[in-house]
Amino acid sequence: MAREDARNRHDFTKIRLFSVVTLLTFQGALSQQVRVEPEVMSYPSQAVNLRCAFADAGGIQLTQVSWIYEPKEGERLNIAVYHPKFGASFPTSPLKGRVRFTTEPPSLSNPSIQISDVKMSDEGKYICEYATYPSGNEQGVTSLVMLAKPRNSASGVTVIASTVATGAKPVVVARCESADGRPAAQIAWVTAVNGNATSTSTAGADNTVTVSSQYMLVPTAADNGKDISCLVSHRTQAKPESFLMKLAIEYPPQVTIVGYDNNWYMGRTNVALTCQATANPIPTTITWKTMSGQMPDTVQVKENVLTVLKVDEQANTTFVCEVKNRLGTGKDQVTVMVRGTRLPVKGPTTSGVIGGLIGVVLLLAIIGSVVVLVRKKRNQHNGDGPPKYKPPPPNKQQTTTSSSSDTLNTSRDPVERKDGSVDHLYYAPQDAEPSTDLDACSDEEYNCNAEELRYAGAPSGWDEPRLNEAPPLYAPNQYKPNDYHDNEEDHPPAAGATRGESFVSQAMFV
């Protein structure tokens with residue numbers, strides 16, 4: 001029986017839940033006809049307008065409109081009511097006397113209201129609800145968001161660097177605050193140091209919120225002076241407000257002596273040691289002394305610089321520099337070894353020389369390769385160089401008596417020599433070039449002895465005579481006219497040769 005009652009109650013709950021969801025969905029669909037602004041923002045002491053209108057009444061009869069205030073905490077309250085017959089009414093509420101309809105007299109078509117001198121406590125939902133027939137109540141909801149611009153600030157915290165004695169514990173090195181803002185601000189940190197931030201929020205007057213943030217790290221001397229920024233973002237600001245700070249971490253002096261080159265020799269002059277120190281706060285005193293307790297006579301001290309005017313045996317000691325500040329003392333020391341003679345100046349190492357030579361050789365090789373490529377490309381472009389083809393051999397038929405007779409034209413004028421005599425046998429060619437059978441020695445009719453080869457040669461293709469230019473009868477300063485036959489009677493042609501055959505003088509050999 002109990003199980004059945006429980007089952008019935010469960011089914012009844014499901015039915016009620018389904019009915020509520022269906023009703024809310026139906027009301028949401030109807031509420032689209034009531035036009036309102038989803039959200040309105042305002043600052044304290046200002047006047048804010050909450051607009052409302054019924055989109056399209058159509059066949060719906062509007063009977064009354066009401067404004068309902070729903071705070072974040074508390075009960076719903078009617079703050080303004082309008083009825084066409086009974087007029088406007090403003091029930092008792094925290095807003096009484098500060099709320100009114102924007103039009104006078106009000107109307108159902110435009111029942112907008114204005115709230116003057118708004119306060120932070122006025123934040124919440126404002127519902128414009130119509131009583132209609134036959135649809136029932138229809139409403140639109142506007143959220144009033146009260147804004148309060150916060151007061152932002154940030155500051156650094158001076159801390160002492162962690163040591164073995166104090167331990168490696170995180171401490172607060174910077175603080176940032178956004179006070180009395182509405183809504184709550186967001187705070188972020190930007191820095192290169194490794195630390196963590198913690199934030200807290202505190203409620204203030206008139207629903208304002210104060211947000212505080214602290215940045216914590218294990219402080220070291222290396223972190224002193226580094227940048228850290230606090231960024232405050234708020235709805236009332238166009239962009240985040242930034243606060244740039246420097247970390248202030250105090251530590252005792254850290255001292256280093258520089259200037260000793262291990263080449264202090266007898267008689268060397270004006271060598272110096274410099275005492276370099278970093279500290280926070282600034283060092284108050286800098287003291288030079290020696291381990292023996294006696295400062296050499298040739299030493300001159302000026303602030304953090306110790307100068308040895310002339311190196312002698314007294315400089316063969318240990319120099320100590322002590323620096324003090326409020327937190328403690330730091331020191332460093334250098335032991336000087338005075339040499340009898342100067343150390344030779346180190347020249348470039350063998351590896352450096354070899355590397356330099358290799359670099360020069362590679363550079364020259366690259367330059368040579370570039371030059372060769374450029375010349376090769378230029379030759380290809382200009383077409384220079386020997387021909388890439390072999391000229392065809394001359395036709396043997398051109399060596400016959402009939403063809404040779406055509407080559408020598410006896411009708412032309414004879415050539416007059418320099419001595420005034422006339423050569424009736426040789427003529428200067430004008431329109432044709434002599435042809436020579438280079439393959440004559442392969443024929444049986446030719447006797448290829450040295451004497452015949454001497455007169456059977458042909459000029460090289462590179463030294464061809466230009467057209468319309470007569471070749472010389474002999475080469476000047478090399479041969480005399482008398483070295484050759486002047487006419488046919490004195491020097492008859494060789495056996496097997498005819499008058500019409502081509503003849504090339506020795507000056508035309510290549």
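Here the structure is shown first, and the text comes after it.
Residues numbered from 1 in each chain as written. Predicted model: local features only at pLDDT ≥ 70, side-chain atom pairs only at ≥ 80, totals over all residues. Heavy atoms only, no water.

Asker: Can you help me understand the overall build of the protein chain in this one?
Answerer: Counting secondary structure elements, the protein chain contains four helices and 28 strands. Across the 510 residues of the protein chain, 29% fall into the buried class. Sequence separation of 24 or more characterises 61% of the internal contacts of the protein chain that already satisfy a separation of 6 or more. With an accessible surface of roughly 33,300 Å², the protein chain has 54% of that area assigned to carbon and sulfur atoms. (Helix = DSSP H or I, 4+ residues; strand = E, 2+ residues; numbered from the N terminus. Buried < 20%, exposed > 50% of the residue type's maximum accessible area, 1.4 Å probe, protein only. Contact = heavy atoms within 4.5 Å. Areas by Shrake-Rupley, 256 points an atom, 1.4 Å probe, with all protein chains shown as cover.)

Asker: What am I meant to see in the sheet that holds strand β18 (residues 227-233) here?
Answerer: Pairing between the strands of a sheet comes from backbone hydrogen bonds, and it takes one of two forms, parallel or antiparallel. One open sheet accounts for three strands, arranged β15-β18-β19; its pairing is antiparallel. Either end of the sheet is taken by a strand with one partner, and the two such strands are β15 (186-191) and β19 (241-246). On average, each strand axis in the sheet is inclined to that of its neighbour by 20°, with strand direction left out of account. In this sheet, β19 lies alongside β18 in antiparallel orientation, the contact comprising six bridges. Residue Leu231 lies in a different strand from β19, and its bridge partner there is Ser242. (Pairing = 2+ DSSP bridges. Axes fitted to C-alpha atoms, helices over the stretch in contact; angles between N-to-C directions.)

Asker: Would you take a moment to explain the state of the cysteines for this structure?
Answerer: The bond known as a disulfide is covalent and runs between the sulfur atoms of two cysteines. All chains considered together, the criterion is met by three disulfides. Covalently, Cys275 is tied to Cys321 through a disulfide, its sulfur atoms 1.9 Å apart. Residues Cys275 and Cys321 share a disulfide whose torsion about the S-S bond is about -90°; that sign makes it left-handed. With Cys275 in strand β21 (residues 269-280) and Cys321 in strand β25 (residues 318-325), the pair connects residues that are 46 residues apart, well separated along the chain. Listing the disulfide partners of the protein chain by sequence rank of the bonded cysteines yields 1-2, 3-4, 5-6. (Disulfide = S-S within 2.5 Å.)

Asker: Can you walk me through the sheet that holds strand β22 (residues 285-290) in this structure?
Answerer: A sheet is described by the order of its strands in space; here three strands give the open sequence β22-β25-β26, paired in antiparallel fashion. Two strands bound the open sheet, and with one partner strand each, they are β22 and β26 (328-335). Averaged over all pairs of adjacent strands, the angle between their axes in this sheet comes to 20°, without regard to strand direction. Note that β25 and β26 share eight bridges and pair antiparallel. If you follow Lys324 over to β26, its bridge partner there is Thr329.

Asker: Is there a simple way to think about the packing of aromatic side chains in this case?
Answerer: Given two aromatic rings, their pairing is described by the distance between the two centres and the angle made by the two planes. Summed over all chains, the structure comprises six aromatic pairs. For the ring pair Phe54 and Tyr130, a centre distance of 5.1 Å and an interplane angle of 75° mean the geometry is edge-to-face. Within this pair, whereas Phe54 is found in strand β4 (residues 52-54), its partner Tyr130 is found in strand β10 (residues 124-133), the two being separated by 76 residues in sequence. Measuring from centroid to centroid gives 5.4 Å for Tyr260 and Trp264, while their planes differ by 75°, and the two rings are edge-to-face. Judged by its relative accessible area of 24%, Tyr260 falls in the partly exposed class. (Phe/Tyr/Trp six-rings, centres within 6.5 Å; stacked < 30°, edge-to-face > 60°.)

Asker: Where do I start with the pattern of salt bridges in this structure?
Answerer: Applying the stated criterion to the full structure yields 12 salt bridges. For Lys226, the salt bridge identified is with Asp223, shortest N-O distance 3.6 Å. Of the residues examined, Lys226 reaches a relative accessible area of 35% and is grouped as partly exposed. Residue Arg326 is joined to Glu250 by a salt bridge in which the shortest nitrogen-to-oxygen separation is 2.8 Å. Pair noted here: Arg326 is in the loop between β25 and β26 and Glu250 is in strand β20 (residues 249-258), with a separation of 76 residues, a long-range link. (Salt bridge = Lys/Arg side-chain N within 4 Å of Asp/Glu carboxyl O.)

Asker: Looking at this model, I keep getting lost on the nonpolar core. Mind explaining?
Answerer: Within the largest apolar cluster, 28 residues are counted, with the highest numbers of intra-cluster contacts made by Leu50, Trp67, Ile79, Ile113, Ile115, Tyr126 and Tyr130. A total of four residues in this core trace back to one element, the largest contributor, which is strand β5 (residues 61-71). Counting residues in hydrophobic clusters, the runner-up holds 23 residues, among them Tyr215, Leu217, Ile228 and Cys230. (Core = buried A, V, L, I, M, F, W, Y, C linked by side-chain atoms within 4.5 Å.)

Asker: What's the story with a nonpolar patch on the surface in this structure? I'm lost.
Answerer: On the surface, Val360, Leu363, Leu364, Ile367 and Val371 cluster together into a nonpolar patch covering about 450 Å² of accessible area. Of note, Ile367 is situated in helix α2 (residues 350-382). (Patch = residues over 30% accessible without salt bridge, like charges linked within 9 Å, V, L, I, M, F, W, Y side chains within 5 Å.)

Asker: It is not clear to me how the pairing of β10 should be interpreted in this structure. Could you clarify?
Answerer: Every regular strand shows the same layout, with side chains that alternate between the two sheet faces. The buried count for β10 comes to seven of 10 residues, which makes it a mostly enclosed element. Sheet topology note: the β5/β10 ladder contains 10 bridges and is antiparallel. Opposite Ile68, over in β10, you have Ile127 as the bridge partner. Sheet topology places β10 next to strand β11 (residues 136-146); nine bridges connect them, and they run antiparallel. Paired with Ala131 across the strands is Asn137, a residue of β11. Hairpin connection, β10 to β11: the antiparallel pair is bridged by two residues.

Asker: Before we go on, may I ask you to explain the side chain of Ser178 in this structure?
Answerer: In this structure, Ser178 sits in strand β14 (residues 171-181). Taking the relative accessible area as the measure of exposure, Ser178 reaches 1% and is therefore buried. Here the side chain of Ser178 touches Asn152 through a polar contact of 2.8 Å, side chain to side chain. Not counting chain neighbours up to four residues away, the residues in contact with Ser178 comprise Pro150, Arg151, Asn152, Ala185, Ile187, Val209, Thr210, Val211 and Val232. (Polar contact = N/O pair within 3.5 Å; in protein donor to acceptor, adjacent residues only side chain to side chain.)

Spatial relationships are all this shows, so hold off on functional conclusions.
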